[in-house]
Amino acid sequence: MVGWVDQAGFLASLDADARHALEGLKPLHVPHRTTLFRPGDQAQGFVLLLSGRIGVYLTGRNGRELLLYAVTPGETCVQTTLGVLGGAPYSGEAIAESDLVAVMVPPATFERLMASSTAFRKYVFKAFAARLADLMFVLEQVAFVKVEQRLAHALLERADGDGVVSLTHQEMSVIIGTAREVVSRRLEALASKGVISVERGAIRIVEREELLRMGSDPQ
């Protein structure tokens, strides 16, 4: 019988001992919109995400939220890795952006695998480096990239196969790191040009090529 480790392609390079240690852990089903951790919480284990998407957010002193990064299958959470490795408490908040299936690796098992399995250790640090790159990208976007370009990029990234982005203006403002009012004005301007249409709780892309052009404009 094929177990969950065999189905997780990102773990294909693991050695037999590591696979055996992980195979004994049971996947958990987590409902959409569940809060996985909050600032100040301690990491309870290392999470291996098998399906779904997690959003990790930071809330500033002014109450404004910013999406730091998203976690999809095969990727890891920077804050969870730091929490398990060094005991650092969470500074952000993680929300299940869809129904999830995940495996929680207990700290003792995680530490043993880090010490004994070269393949597992490489996976953890490679995924950690990828999330740090995402954080640097967010910093660059917020600091140096115009709102219009960030908005175009976010719309294209979040659209489904029919070109529909099922996000409110507030949710979009969190993703691109600006105020809701700014997002609303920019969306109204795009709608007036026929690039998008704004619907209740959703945004429909009409002119994809124009958004691609906006998203790639040099600053």
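The rules behind these values
- Counting starts from 1 at the beginning of each chain's written sequence and moves along it residue by residue.
- Owing to the predicted nature of the model, reporting of local features is limited to residues with pLDDT of at least 70; listing and counting of side-chain atom pairs is limited to 80 or more, with chain, interface and lining totals taken over all residues.
- Each side-chain value is derived from all of the structure's non-hydrogen atoms; neither hydrogens nor water enter the calculation.
- Runs of E in the DSSP output that reach at least two residues are strands. Runs of H or I that reach at least four are helices, and both are numbered from the N terminus.
- The rule is simple: take the accessible area with a 1.4 Å probe, protein chains only, and divide by the maximum for that residue type; under 20% is buried, over 50% is exposed, in between is partly exposed.
- Any pair of residues with heavy atoms lying within 4.5 Å of one another is described as a contacting pair.
- UniProt positions are given in the numbering used here, feature names are shortened, and annotations may be inferred rather than shown by experiment.
- What counts as a ring pair is set by centres within 6.5 Å for rings of Phe, Tyr and Trp (its six-membered ring), and what kind of pair is set by the plane angle: stacked under 30 degrees, edge-to-face over 60, tilted for all other angles.
- By this definition, two strands are paired if DSSP reports at least two bridges between them.
- For helices, the fitted axis covers only the stretch in contact; all axes are lines through C-alpha atoms, and the angles between them, taken along N-to-C directions, range from 0 to 180 degrees.
- What counts as a salt bridge is simple: a side-chain nitrogen of Lys or Arg found within 4 Å of a carboxyl oxygen of Asp or Glu.
- Think of a nonpolar core as a cluster: buried Ala, Val, Leu, Ile, Met, Phe, Trp, Tyr and Cys residues, connected wherever their side-chain atoms sit within 4.5 Å.

On to the overall build of the chain. Helix and strand content of the chain: nine helices and 10 strands. For the chain, buried positions account for 42% of its 219 residues. Here the contacts in the chain between residues at least 6 apart in sequence split such that 68% fall between residues at least 24 apart.

Summarizing the sequence annotation, UniProt attributes the feature "domain: HTH crp-type" (unreviewed entry) to residues 145–209 in the numbering used throughout. Note that residues 145–209 is 54% helix and 15% strand, and that its end C-alpha atoms are spaced 20 Å apart.

All right, on to the packing of aromatic side chains then. All told, the structure shown has six aromatic pairs when counted by the stated rule. Their ring planes at 70° and their centres at 6.3 Å tell us that Phe46 and Phe120 sit as a pair that is edge-to-face. Of this pair, Phe46 sits in strand S3 (residues 46–51) while Phe120 sits in helix H5 (residues 118–144), and the two are 74 residues apart along the sequence. Just as Phe46 is buried, Phe120 falls in that class too.

Glancing now at the sheet that holds strand S4 (residues 54–59). Taking strand neighbours across the sheet as the criterion, the four strands line up as S2-S6-S4-S5 in an open arrangement whose pairing is antiparallel. Of all the strands in the sheet, just strand S2 (35–37) and strand S5 (65–71) have a single pairing partner and so form its edges. The sheet shows a mean angle of 30° between the axes of neighbouring strands, taken without regard to direction. By the bridge criterion, six bridges tie S4 to S5 in an arrangement that is antiparallel. Paired with Tyr57 across the two strands is Leu67, which belongs to S5. Each of S4 and S5 is contacted by helix H7 (residues 169–176), which is oriented at about 75° to S5, the strand it contacts most.

This part takes up the sheet that holds strand S7 (residues 100–105). What the three strands build is an open sheet, ordered S1-S7-S3; its pairing is antiparallel. The open sheet has two edge strands, strand S1 (28–30) and S3, and neither has a second partner. Taken over all neighbouring pairs, the strand axes of this sheet differ in orientation by 35° on average, direction set aside.

Mapped onto the elements, Asp41 comes out in the loop between S2 and S3. Judged by relative accessible area, Asp41 falls into the partly exposed class, the value being 32%. Each C-alpha atom of the pair Asp41 and Gly83 lies 9.4 Å from the other, and the pair is 42 residues apart in sequence. Those residues within four positions of Asp41 in sequence are excluded, and the remaining contacts are Pro89 and Tyr90.

Here the focus is unusual backbone geometry. A positive phi angle, close to 75°, is found at Arg33, a residue other than glycine. By the secondary structure assignment, Arg33 is in the loop between S1 and S2.

So, on to the UniProt feature "domain: Cyclic nucleotide-binding" (unreviewed entry) in the chain. The UniProt feature table records "domain: Cyclic nucleotide-binding" (unreviewed entry) at residues 22–131. Spanning residues 22–131, this segment combines 32% helix with 32% strand, and its end C-alpha atoms are found 23 Å apart.

This part takes up the pattern of salt bridges. In total, this model carries 10 salt bridges according to the counting rule given. Between Glu93 and Arg38 there is a salt bridge whose closest N-O contact spans 4.0 Å. Separated by 55 residues along the polypeptide, Glu93 in strand S6 (residues 93–96) and Arg38 in the loop between S2 and S3 bring together distant segments of the chain. The closest approach of N and O atoms between Glu97 and Arg158, which form a salt bridge, is 3.9 Å. Taken together, the residues span a long stretch of sequence, with Glu97 in the loop between S6 and S7 and Arg158 in helix H6 (residues 147–158) at a distance of 61 residues.

It is worth spelling out the nonpolar core at this point. Of all hydrophobic cores here, the largest spans 38 residues; its most connected members are Leu11, Leu22, Phe46, Leu48, Val56, Phe110 and Phe120. Counting residues per element, this core draws most heavily on H5, at six residues. In this structure Val56 touches Phe37, Leu66, Leu67, Leu68, Tyr69, Val71, Cys77, Gln79, Glu93 and Ala94, once residues within four positions along its chain are discounted. Leu67, Ile95, Val147 and Val165 belong to the second largest nonpolar core, which has 27 residues in total.

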